[in-house]
Amino acid sequence: MTSKPTAATPAPELFTWEFATDPYPAYAWLREHAPVHRTRLPSGVEAWLVTRYADAKQALADQRLSKNPAHHDEPAHAKGKTGIPGERKAELMTHLLNIDPPDHTRLRRLVSKAFTPRRVAEFAPRVQELTDQLIDRFAAEGSADLIHDFAFPLPIYAICDLLGVPREDQDDFRDWAGMMIRHGGGPRGGVARSVKKMRGYLAELIHRKREALPAEAGPGEDLISGLIRASDHGEHLTENEAAAMAFILLFAGFETTVNLIGNGTYALLTHPEQRRRLQDSLATPDRTLLETGVEELLRYDGPVELATWRFATEPLALGGQDIAPGDPVLVVLAAADRDPARFAGPDTLDLSRRDNQHLGYGHGIHYCLGAPLARLEGQTALATLLTRLPDLRLAADPADLRWRGGLIMRGLRTLPVEFTPSTSSPRRGPGA
């Protein structure tokens, strides 16, 4: 039975800078005292926070919780406070994070034809090449900011290559993506302008690729061409839908990986015994600890703190609370993945943890389509960093590090590190 807050157990303050640094004590309090908790968000929107694993898993799969913001009970002018800034005005709403079956089923099936596990597996050598090129840029310096110099550019260049964005245009995408991250917890205007620019570019690129599309797919065909080809056979995918899908793959596919690499490296550097275990394992052909280790890093301090917005379409009960139609519901993945009712020693980092059905990439029909690519990038990035820079160490007091403000994502602003300079010769950089 859920205990009620008392004077002896005051509710923690949420969404402060102190909370952003370490939200886990507050989430532990919520799991114990108010597992489904109604709160006012920094934007002014009131929403339910779901913090226990069992409730979170139920909510993520409950089709009475719609992804469509049209079900929000707020006035129309307030709906811009939910979702991705600028996506409504840029006509980018018709992507997998904002729609329900049957449209979701149709779009996911079409996108899955283009975004296949085989395509991701074939992309592995390019991810390794990008990883090495980025490390080459700072290896001789003996220091770096791993967010700016490595974790941020790697997934941007990777997803641009996968989508088929020409190399000469990829730095523009890096600038737009940087604006999205920098303004994650601040004014939304800059983000909206970047979204508008990205939308205009994607529309033009899709049109050009459609005009030049060969009759048959060739080896290594890019993802945007795959989306166009899927739309031209049988079920229909409009250019707006194709642009929205390319946009969400960019938007969701880069910041989650930035944070996976950044948070993961930080966790390893602050848990030296676990880091040594992984380094010893990487010296062998066995990659089991790397694979389980990345899953544990996703659970322990994952890149997505809260799942994206859901809205009740009818009255329902969740965790003993009555949710009214139109109420926003936010599943706190970071809290669910530290639930002691599901994970033994949840606050302990254990890279060899086997029973690890974390919710870091969601659950149910909205499970992250790009999870295989993010895992590939995370494994490649961490393994290469620890192998090429074996004495990598923090160059700042952990207390001085700052986490980006925001609601959905969790990631460091900077991650200064030091290491013994490497004499490896630089290679041609990505985007060049």
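Here we come to unusual backbone geometry. A positive phi angle is found at Phe15, which is not glycine, with a value near 65°. For Phe15, the location among the structural elements is in the segment before helix H1 (17–21). Judged by its relative accessible area of 22%, Phe15 is partly exposed.

Before going further, it helps to spend a moment on the sheet that holds strand S2 (residues 46–50). Sheet architecture is open: 5 strands sit in the order S1-S2-S8-S5-S3, paired in mixed fashion. The open sheet terminates on both sides in strands that have one partner only, identified here as strand S1 (36–40) and strand S3 (65–66). Relative to strand S5 (residues 310–312), S3 runs antiparallel, the two being bridged by 2 bridges. The residue bridging Ser66 from the neighbouring strand is Phe311, located in S5. Of the strands in this sheet, S1, S2, S3, S5 and strand S8 (328–331) touch helix H3 (residues 53–61), which is tilted by about 125° from S8.

Looking now at helix H14 (residues 288–301). Across its 14 residues, H14 extends 20 Å between first and last C-alpha, which sits within 8% of the 20 Å expected from 1.5 Å per residue. Of all 14 residues in H14, 12 are buried, a share of seventy percent or more. Looking only at H14, the buried set comprises Leu289, Leu290, Thr292, Gly293, Val294, Glu295, Glu296, Leu297, Leu298, Arg299, Tyr300 and Asp301. Contacts from the buried residues of H14 go to helix H2 (24–33), helix H12 (239–269), helix H13 (272–282) and helix H16 (371–388).

So, about the confidence of the model for the protein chain. Confidence along the protein chain averages 85 in pLDDT terms, with 84% of residues attaining 70 or more. Throughout residues 183–188 the model reports pLDDT below 50, and contacts reaching past four residues in sequence, or to other chains, amount to 11 contacts.

What counts and how
- Residues numbered from 1 in each chain as written.
- Predicted model: local features only at pLDDT ≥ 70, side-chain atom pairs only at ≥ 80, totals over all residues.
- Heavy atoms only, no water.
- Helix = DSSP H or I, 4+ residues; strand = E, 2+ residues; numbered from the N terminus.
- Buried < 20%, exposed > 50% of the residue type's maximum accessible area, 1.4 Å probe, protein only.
- Pairing = 2+ DSSP bridges.
- Contact = heavy atoms within 4.5 Å.
- Axes fitted to C-alpha atoms, helices over the stretch in contact; angles between N-to-C directions.
- Expected span 1.5 Å × (residues − 1).
- pLDDT = per-residue confidence, 0-100.

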